[in-house]
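Okay, here's what each chain looks like letter by letter:
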Amino acid sequence: MDDALTVSLIYAIAIPLVTLGHELGHAVVPLLKTREPVRVQLGPASSPPLFQTRLGRLTFDVRRLFFVGGCCFWPGLTPRQHFWAVAGGPLASLLMLVVGAAALVGIRTEAVWLVAQIFMTLSFFQLVMTLWPMQYPAWYAGYAGFQSDGAQLLRLWPRLRPAR
């Protein structure tokens with residue numbers, strides 16, 4: 001198989017997996033702290049649904065453009081829980097970056113090296129793009145106007161401090 005095709009195929013598989021990992025990071029706190037259903041969506045809401053499946057209280061909503069971002073939806077949380085639910089996505093991206101680095105150190109085969117580098121690259125890009133405090137631009141399909149995780153964390157931070 002052609003090297004360029006192999007790399008493209010790995011990216012095509014890795015992009016939604018890294019996004020899924022990030023969104024599952026958001027879902028951890030709501031799943032642990034509430035009894036309400038939590039929904040992980042892969043792809044923008046503007047994209048038509050592809051399929052939906054449930055695993056207990058966790059619903060996976062996969063859209064046709066599943067490789068273009070994701071969202072996690074949860075019910076009302078306390079301000080502290082909301083902060084940690086938002087932080088869970090970037091923390092999951094950081095964890096995937098660390099796991100990729102550990103694979104690079106521990107295993108020296110060319111295939112694992114390539115896969116680990118791709119997952120690390122995507123995890124790093126997702127970590128930066130979600131932690132950077134911004135409102136997503138108009139060109140960011142389906143997410144224009146939404147706040148990044150970093151912007152939400154900055155907005156939630158003052159609510160964590162106890163009143164004096």
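Now for a quick tour of the structure. Predicted, not measured: the structure shown is a model, and the values here were computed from it.

What counts and how
- Residues numbered from 1 in each chain as written.
- Predicted model: local features only at pLDDT ≥ 70, side-chain atom pairs only at ≥ 80, totals over all residues.
- Heavy atoms only, no water.
- Patch = residues over 30% accessible without salt bridge, like charges linked within 9 Å, V, L, I, M, F, W, Y side chains within 5 Å.
- Areas by Shrake-Rupley, 256 points an atom, 1.4 Å probe, with all protein chains shown as cover.
- Salt bridge = Lys/Arg side-chain N within 4 Å of Asp/Glu carboxyl O.
- Helix = DSSP H or I, 4+ residues; strand = E, 2+ residues; numbered from the N terminus.
- Buried < 20%, exposed > 50% of the residue type's maximum accessible area, 1.4 Å probe, protein only.
- Polar contact = N/O pair within 3.5 Å; in protein donor to acceptor, adjacent residues only side chain to side chain.
- Pairing = 2+ DSSP bridges.

**Quick word on a nonpolar patch on the surface**
Together, Trp84, Leu91, Leu94 and Val98 make up an exposed nonpolar region whose accessible area comes to about 370 Å². Structurally, Val98 can be placed in helix α2 (residues 79-106). For Val98, a relative accessible area of 48% translates into the label partly exposed.

**Side note on the pattern of salt bridges**
Summed over the entire model, instances satisfying the criterion amount to 2 salt bridges. Between Asp61 and Arg39 there is a salt bridge; the shortest N-O distance is 3.0 Å. Pair noted here: Asp61 is in strand β3 (residues 58-63) and Arg39 is in strand β1 (residues 38-42), with a separation of 22 residues, a long-range link. Using a relative accessible area of 4% as the deciding quantity, one classes Asp61 as buried. Its salt-bridge partner being Asp61, residue Arg63 comes within 3.0 Å of it at the nearest N-O pair. Assigned by exposure class, Arg63 and Asp61 land together as buried. Salt bridges sharing partners connect three or more residues here, namely Arg39, Asp61 and Arg63.

**Some words on the environment of Arg54**
Mapped onto the elements of the fold, Arg54 is located in strand β2 (residues 49-55). A residue is classified by how much of its surface remains accessible, and Arg54, at 64% relative accessible area, is exposed. For Arg54 and Trp113, which are 59 residues apart along the polypeptide, the C-alpha to C-alpha distance reads 34 Å. Reaching out from Arg54, the side chain makes a polar contact with the backbone oxygen of Gly56 at a distance of 3.3 Å.

**Details of the pairing of β3**
Two faces make up the sheet, and in a regular strand the side chains alternate between them. β3 sits mainly inside the fold: 6 of its 6 residues count as buried. Burial of β3 is two-sided: the residues Leu58, Phe60 and Val62 facing one way and the residues Thr59, Asp61 and Arg63 facing the other way are all buried. In this sheet, β3 lies alongside β2 in antiparallel orientation, the contact comprising 6 bridges. Of the residues in β3, the one forming a bridge with Thr53 is Phe60.

Fair warning: the whole summary comes from geometry, so function is off the table for now.
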